[in-house]
Amino acid sequence: MDEQLIMAFDCGTTSLKVVLADVRGTVLAEAGAGYGLSHADNGRAEQSPEAMWQAIRHGARAVLATGRADPSSVTALVFAATWKGVIPLDETGRPLTDAMIWMDSRATEQAARLNEATGMFIGTGQEYWPRLLWLKEERPDVWARAKHVVGLNTWFKWRATGHLVTDPSDDFVRSPVPATDAHYARILDAAGLTGDMAKFAPSEPSTAPVGPLTPEAAEQLGLTVRTRVFNGFSDLPAVTVGSGSGAVGDVHIYLGSSSWFARVSRSDDPTDASASFAIDADRRGDAYGLQSACIAYDWAVTQLYSAEKREFGSGVNTLVNDEVAQTAPGADGLLATHWLTGEIPPLATKNAKGLFFNLTPLHDRRHMVRAVMESIAFSHRLGLERHRADGVGDLARIRLVGGGATSDVWMQIFADVLQVPIEVPPAPTLAGAMGAAYSAVVGLGEIDDYAAIGRVVPVDRLFEPRPEYAAVYDRLYSVYTKLHPALGDLFAELNGEY
């Protein structure tokens, strides 16, 4: 073969991105596909693994056609997928139910019991272990039949190779870090799950080869059995690596349907982060997450620019950015919250919802969209302040990736609200897929380590903070942080205590 190519999949919450790249990390072609998400008022959020696999099949063939690539040149294939999925499998590997994804919050009662039993806050009904317990208690027939319980990425690898293996970032029952392993053991013991450990797949490093494609999978994907599948990881470390932020001390923000502020730490460093994810045995990411980011932005655009969206489709975002740029920083005193489906702690609670605050006849749709964009930046300022409280000092820069990073006006808002330079790499929407690809690049020995990838991911756009707007945003941020404490009782009165 003249060239070794890598095919990498970023399986997000509602859509798939797939890239074809060379071993130097150069993107040669990209494609995408969508799939459904099933919601219900009781907190249910599920997806069909089979439907997602069909999207993967379509994406693989589409990117081969776009890149006019010889299937035999694809040396490696990698998946990245949303973390903390719960899929019970029978002994043949067939899903017994749809995947209970990270967004599912049915296990409220189980979470309360685990928090009390462990004497610590392990999470809401959206956390992984309460959802395991919910499945065991509410669907005992399924639990009894389940030979394995896996996440999405693990199932995709099984579908491709016939081998069942997870990675450290999506393994929440064991860890190579003693303190983390003890933490997991304490939760599993409180949940009565220690006798079920055989249901969970063994873990290997993200750079490890899993196996070659089976003949069936090779035919479905349009590839050959010479393609090796590498272990990969969940979406958070994939974006971390793909943004070029894999070294200890690096910080990035992901701005997609959900969002997070994350820094890379040593695995044994103390942290008070809302969530942590493993990158490898030595490094982890400490994340401060938002449940709704571009979800809230897309809602605002759909409601306020509906006619233009019907006319221009995704091109409506260019019009929105141009109009938002016509308004002053601070949206003339208008504040919004992006909590359309509640928010994960510590920002708020699941019963919090969206609002516009201080709306006047002088405001129009431009101010309203800007206020939504600024609210998301304000929420990330909370993460930045917790980061600083850990004693790590001020930041020289923040990498920002995801669909929101395509908006220059939003990137300037982030720079002004955070008063930190914002760096955007090329193709910021492909950070997750490229992070997956880099796990194969390292696995193939082309790059030594994830920390070295920052040297090969350049800065495409730089947004410097404007000091003249610091006072405006300081004032609005102060009010923003008081909204949930002031309205918490009213949210509970309307939406219940949860």
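Everything quoted here is computed from the prediction, not taken from an experiment.

Parameters at a glance
- Numbers given for residues are sequential positions, taken from 1 along each chain in its written order.
- This being a predicted model, a pLDDT of at least 70 is required before a residue's local features are given, and a value of 80 or more before pairs of side-chain atoms are given or counted; all residues contribute to the totals for chains, interfaces and linings.
- Only heavy atoms go into the side-chain values, all of them from the structure, while hydrogens and water stay out.
- Secondary structure counts use DSSP, requiring at least four H or I residues in a row for a helix and at least two E residues in a row for a strand, with both numbered from the N terminus.
- All radius of gyration figures rest on C-alpha atoms, and the globule criterion is 2.2 Å times the number of residues raised to 0.38.
- Only protein chains enter the accessibility calculation, which uses a 1.4 Å probe. A residue is then buried if its area is under 20% of the maximum for its type, exposed if over 50%, and partly exposed in between.
- What makes two residues a contact is simply this: any of their non-hydrogen atoms within 4.5 Å.
- Here a cavity denotes a set of grid points, spaced 1 Å apart and computed over the protein atoms alone, in which a 1.4 Å probe fits but from which it cannot get out, and a pocket denotes an open set meeting protein on both sides within 12 Å along at least five of seven lines; residues with an atom within 4 Å of a point are reported as lining.
- Grid points are joined across faces, edges and corners, and a volume is the space filled by probe spheres set on the points.
- Here the term charged refers only to Asp, Glu, Lys and Arg, the term nonpolar to Ala, Val, Leu, Ile, Met, Phe, Trp, Tyr, Cys and Pro, and the term polar to all other amino acids, Gly among them.
- UniProt positions are given in the numbering used here, feature names are shortened, and annotations may be inferred rather than shown by experiment.
- Paired strands are those between which DSSP finds at least two bridges.
- To get an axis, a line is fitted to the C-alpha atoms, and for a helix only the part in contact is used. The angle between two axes follows their N-to-C directions and goes from 0 to 180 degrees.

### Focus on the overall build of the protein
Phase 1: Of the regular secondary structure elements, the protein holds 15 helices and 20 strands.
Phase 2: The C-alpha atoms of the protein give 22 Å as radius of gyration, which agrees with the globular expectation for 498 residues (23 Å, within 12%).
Phase 3: Overall, the protein is about 65 × 55 × 45 Å in size when its C-alpha atoms are taken along their principal axes.
Phase 4: Out of the 498 residues in the protein, the part that is buried amounts to 58%.
Phase 5: A separation threshold of at least 6 residues defines the contact pool for the protein, and within that pool the share at least 24 residues apart is 70%.

### Quick look at the layout of surface pockets
Phase 1: Empty space within the second largest pocket amounts to approximately 760 Å³.
Phase 2: When residues of the lining of the second largest pocket are traced back to their parent elements, those giving at least two are strand 2 (15-22), helix 8 (235-242), strand 12 (251-255), helix 9 (294-304) and helix 11 (316-324).
Phase 3: Ranked by residue count, the leading element in the lining of the second largest pocket is helix 9, at four residues.
Phase 4: Of the residues in the lining of the second largest pocket, the class split is nine nonpolar, 18 polar and five charged.

### With respect to the UniProt feature "domain: Carbohydrate kinase FGGY N-terminal" (unreviewed entry) in the protein
Phase 1: In this structure's numbering, the residues bearing the UniProt feature "domain: Carbohydrate kinase FGGY N-terminal" (unreviewed entry) are residues 6-238.
Phase 2: Counted over residues 6-238, helix gives 35% and strand 23%. Its end C-alpha atoms are 15 Å apart.

### Concerning unusual backbone geometry
Phase 1: One non-glycine residue, A331, adopts positive backbone phi at about 50°.
Phase 2: Along the chain, the position of A331 falls in the loop between helix 11 and strand 16 (335-337).
Phase 3: For A331, a relative accessible area of 0% gives the class buried.
Phase 4: Phi at Q419 takes a positive value of approximately 55°, unusual for a residue other than glycine.
Phase 5: Here Q419 falls in the partly exposed class, since its relative accessible area comes to 30%.

### Regarding the sheet that holds strand 2
Strand pairing in a sheet relies on backbone hydrogen bonds. The paired strands run either parallel or antiparallel.
Phase 1: One open sheet accounts for six strands, arranged 3-2-1-6-11-10; its pairing is mixed. What marks the edges here is a single partner per strand, and that holds for strand 3 (27-34) and strand 10 (209-212). Each strand of the sheet is rotated relative to its neighbour by a mean of 20°, with strand direction disregarded.
Phase 2: Summarising the sheet, strand 10 and strand 11 (residues 228-234) pair through three bridges and their orientation is antiparallel. Bridge pairing links G211 to V229 in strand 11.

### Structural notes on the pairing of strand 3
Consecutive side chains along a regular strand alternate between the two faces of the sheet.
Phase 1: The pairing of strand 2 with strand 3 spans seven bridges and is antiparallel. Paired with L20 across the two strands is A29, which belongs to strand 3.
Phase 2: The antiparallel hairpin formed by strand 2 and strand 3 contains four residues in its connecting segment, where G25 sits at a positive phi of about 90°.

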